[in-house]
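Examining the three-dimensional arrangement
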Amino acid sequence: PLLMWETIRDAIIEIRKFTDKGSININTNGSKPDAVEALCKVGLNSIRVSTNSLQRHIYTPYYRPNNYDFDALAESIKIVNRYGGWTSINYFTFPGQTDSVEEYEALRAFIKDTGLKMIQWRNFNIDPDWYLGRINLPDSGEILGIKQVMELIKEEFPDIKYGYYNPPME
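Attention in this report is confined to the structure presented alongside it. This is a predicted model, so every value here is computed, not measured.

So, about the layout of surface pockets. As a volume, the largest pocket reaches approximately 190 Å³. In this structure, the largest pocket is lined by 15 residues; those nearest its centre are Asn 45, Gly 84, Gly 85, Trp 86 and Met 169. Class assignment of the residues belonging to the lining of the largest pocket gives a composition of 7 nonpolar, 7 polar and 1 charged.

Here it is, written out as structure tokens:
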């Protein structure tokens, strides 16, 4: 969607001419923080950024970013938070990688850095052999288990929400 941010901006302007109520959300890879800021200025108030990992070396071989960097994800979320909006990630969950100690630590750092409000845990329905070959992850190290990762995150960040869709603004 951010490749068409000017069109989205114009649509938001038209919507906001009639109401400042309601949530305008964008589901995105978060690749263009400047575009996200331009959209926030006209009324965007919710973002959901998709990711398979919060570690650059795992994210990059899967998404193969073109004309953006991994750091753009965090920056886009920070921008929406600065404008008082709702921020979440589509967190594509792959047992054995998502629940590694390294990924858990990366998730903690991401939440602290961005002020993320919600994690939408998604089953990463993907061929495991293809995926592991793509991200070149021969050994993911110590595994905590998805349930324990979720519990530990909730314990440290009690205000973070878990869900499968954006909650209403109310």
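Before going further, it helps to spend a moment on the pairing of strand β1 (residues 25-28). The two faces of β1 differ: Ile 26 and Thr 28 on one face are buried, but Asn 25 and Asn 27 on the other face are not. Alignment of β1 against strand β2 (residues 46-51), held across 4 bridges, turns out to be parallel. Across the sheet, the residue bridging to Ile 26 is Ile 47, located in β2. With helix α2 (residues 33-42) bridging β1 and its parallel neighbour β2, the resulting β-α-β unit is right-handed.

The strand order across the open sheet formed by 5 strands is β1-β2-β3-β4-β5, and the pairing between neighbours is parallel. Bordering the open sheet on either side are β1 and β5 (161-162), each of which pairs with just one other strand. Here strand β4 (residues 118-123) pairs with β5 via 2 bridges, running parallel. The residue bridging Met 118 from the neighbouring strand is Lys 161, located in β5. Helix α5 (residues 101-114) rests against β3 (86-93) and β4 of the sheet, and its axis sits at about 170° to β3.

Turning our eyes to something else, we now look at the pattern of salt bridges. One pass over the full model with this rule turns up 9 salt bridges. Among the salt bridges present, the one from Arg 82 reaches Glu 75, with a minimum N-O distance of 3.8 Å. Between Glu 156 and Arg 108 there is a salt bridge whose closest N-O contact spans 2.5 Å. Of this pair, Glu 156 sits in helix α7 (residues 146-156) while Arg 108 sits in helix α5, and the two are 48 residues apart along the sequence. Glu 156 sits in the partly exposed class, given a relative accessible area of 30%. Using a relative accessible area of 18% as the deciding quantity, one classes Arg 108 as buried. Where salt bridges share partners, they join Glu 105, Arg 108, Lys 112 and Glu 156 into one cluster.

About the thresholds
- Residues numbered from 1 in each chain as written.
- Predicted model: local features only at pLDDT ≥ 70, side-chain atom pairs only at ≥ 80, totals over all residues.
- Heavy atoms only, no water.
- 1 Å grid on protein atoms, 1.4 Å probe; cavity = no way out; pocket = protein on both sides within 12 Å on 5 of 7 lines; lining within 4 Å.
- Points joined across faces, edges and corners; volume = space filled by probe spheres on them.
- Nonpolar A, V, L, I, M, F, W, Y, C, P; charged D, E, K, R; others polar.
- Buried < 20%, exposed > 50% of the residue type's maximum accessible area, 1.4 Å probe, protein only.
- Helix = DSSP H or I, 4+ residues; strand = E, 2+ residues; numbered from the N terminus.
- Pairing = 2+ DSSP bridges.
- Right-handed = clockwise from strand over helix to strand, strands pointing away.
- Contact = heavy atoms within 4.5 Å.
- Axes fitted to C-alpha atoms, helices over the stretch in contact; angles between N-to-C directions.
- Salt bridge = Lys/Arg side-chain N within 4 Å of Asp/Glu carboxyl O.

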